[in-house]
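Survey of secondary and tertiary structure
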Amino acid sequence: MPYIYQRQNDISDYGADKLLRFDAVLKIFQEAAIEHSASVGYPMDSYMGNGNIWVLNRILIQTVKFPDFTKHLTVKTWSRGMDKFKGFRNYEIKADDELCIKGSSIWLYIDINKKRPVRLTQDMIENYKDDPECNMGRIIEHWDRKDAENYTSESVVGLRPADFDVNGHMNNIRYGEIISSVSQHIDFTGKTVGLFYNHEIMPGTQSVTVKYAEDGDSRIFGMYDDRLACLCEIF
């Protein structure tokens, strides 16, 4: 069953051009998912009290347009299905009732301490009341972008203590901020942006190296600590 999240605009989510930033889209999706889970009886402390958390595995975002700061944002999110330890979640953002952004994601239910997947209970599956609507088709289930063979440039981005969250790793939103900062030459409007989270970046990490490559119509960014942590494809 879809959940509707009426979001209060946060001016810090908008850039100098007065448009919603890409990393803010990740922030809004995350907020909507948390609110939806709480509404069906699973607030964040209920997961963490059991030693389990939802971890984002991959996400695809299609942007028709980035709304400006004067528009009221309404977010629709729903569980598209669950399978063993996976959850499939989709999103839509409307600005003053105009559809602007769509998203599709896969989450893994993980034991925090063991760093291993945990099988979902039947109660969880039933309480989320899955809706099979696929606003982006099933592209995310088949999207398996490999690391680029030849990167043409790279940059080093420093990390801050505030980049790491209560789950003990770098927050998903920070990945979006970093990708945005190194891709200012690319207009995301009308494109699909995919993020594939390969492994956690842990507290104490001082910096990441972001490498860039082009592959046909795709733009590839690989984010590394000591190995590939996150792969981004813009196509």
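Scroll up to find the structure this text is about.
Attention in this report is confined to the structure presented alongside it.

So, how was this worked out
Residues numbered from 1 in each chain as written. Predicted model: local features only at pLDDT ≥ 70, side-chain atom pairs only at ≥ 80, totals over all residues. Heavy atoms only, no water. Helix = DSSP H or I, 4+ residues; strand = E, 2+ residues; numbered from the N terminus. Buried < 20%, exposed > 50% of the residue type's maximum accessible area, 1.4 Å probe, protein only. Contact = heavy atoms within 4.5 Å. Patch = residues over 30% accessible without salt bridge, like charges linked within 9 Å, V, L, I, M, F, W, Y side chains within 5 Å. Areas by Shrake-Rupley, 256 points an atom, 1.4 Å probe, with all protein chains shown as cover. Salt bridge = Lys/Arg side-chain N within 4 Å of Asp/Glu carboxyl O. Phe/Tyr/Trp six-rings, centres within 6.5 Å; stacked < 30°, edge-to-face > 60°. 1 Å grid on protein atoms, 1.4 Å probe; cavity = no way out; pocket = protein on both sides within 12 Å on 5 of 7 lines; lining within 4 Å. Points joined across faces, edges and corners; volume = space filled by probe spheres on them. Nonpolar A, V, L, I, M, F, W, Y, C, P; charged D, E, K, R; others polar. Pairing = 2+ DSSP bridges.

Here's the deal with the overall build of the chain
In terms of regular secondary structure, the chain is built from 5 helices and 12 strands. In terms of principal-axis extent, the alpha carbons of the chain reach across some 50 × 45 × 35 Å. The buried share of the chain, taken over its 235 residues, is 51%. Within the chain, contacts between residues separated by at least 24 positions form 72% of all contacts whose residues are at least 6 apart in sequence.

Observations concerning a nonpolar patch on the surface
A surface patch of nonpolar side chains, amounting to about 260 Å² of accessible area, comprises Ile 34, Met 44 and Val 166. Looking at where Val 166 falls in the secondary structure, it is placed in the loop between β8 (153-158) and α5 (172-182).

Observations concerning the environment of Met 136
Topologically, Met 136 is positioned in strand β7 (residues 135-138). Given the relative accessible area of 8%, Met 136 is considered buried. Sequence-wise, Met 136 and Gly 103 are 33 residues apart; in three dimensions their C-alpha atoms are separated by 7.4 Å. Those residues in contact with Met 136, other than ones at most four positions away along the chain, are Leu 60, Gln 62, Asn 90, Lys 102, Gly 103 and Ser 104.

Re the packing of aromatic side chains
In the structure shown here, the tally under the stated rule is 8 aromatic pairs. Ring centres of Phe 29 and Tyr 91 lie 4.1 Å apart, and the angle between their planes is 10°; this geometry places the pair in the stacked category. On the criterion of sequence distance, the pair formed by Phe 29 in helix α1 (residues 22-39) and Tyr 91 in strand β4 (residues 86-95) is long-range, its members being 62 residues apart. The class for Phe 29 is buried, based on a relative accessible area of 1%.

Let's talk about the layout of surface pockets
Here the largest pocket is characterised by a volume of approximately 480 Å³. Considering the residues around the largest pocket, the lining is formed by 24 residues, among which Ile 34, Met 44, Trp 54, Val 55 and Trp 107 are closest to the centre. Listing elements by their share of the lining of the largest pocket, those giving two or more residues are α1, α2 (44-49), β2 (52-63), β3 (73-83) and β4. Partitioned by chemical class, the residues of the lining of the largest pocket number 14 nonpolar, 8 polar and 2 charged. Within this model, the second largest pocket holds a volume of roughly 410 Å³.

A few points about empty space enclosed by the protein
One pass over the structure, following the stated rule, counts 1 cavity of 30 Å³ or more. Put simply, the largest cavity is a space of about 60 Å³. Lining of the largest cavity is provided by Leu 26, Phe 29, Gln 30, Leu 56, Ile 59, Tyr 91, Trp 107 and Asn 172. Where the lining of the largest cavity is concerned, the elements lending two or more residues are α1 and β2. Within the lining of the largest cavity, the residues separate by chemical class into 6 nonpolar, 2 polar and no charged.

Brief notes about the pattern of salt bridges
Going through the model one piece at a time under the given rule, you end up with 15 salt bridges. Arg 21 is paired through a salt bridge with Asp 23; the nearest N and O atoms lie 2.9 Å apart. Residue Asp 163 pairs with Arg 174 through a salt bridge whose shortest N-O separation is 3.1 Å. Here Asp 163, found in the loop between β8 and α5, pairs with Arg 174, found in helix α5; they are 11 residues apart in sequence, far enough to count as distant. Like Arg 174, Asp 163 is buried. Via salt bridges that share partners, Arg 7, Asp 10, Asp 13, Lys 27 and Glu 31 belong to a single interconnected network.

Overview of the pairing of strand β10 (residues 207-215)
Two elements, β8 and β10, share 6 bridges in a ladder whose sense is antiparallel. Counted as the bridge partner of Ser 153 is Tyr 212 from β10. The pairing of β10 with strand β11 (residues 218-224) spans 7 bridges and is classified as antiparallel. Looking across to β11, one finds that Tyr 212 is bridged to Phe 221.

Remember, this is a structural readout, not a statement about activity or role.
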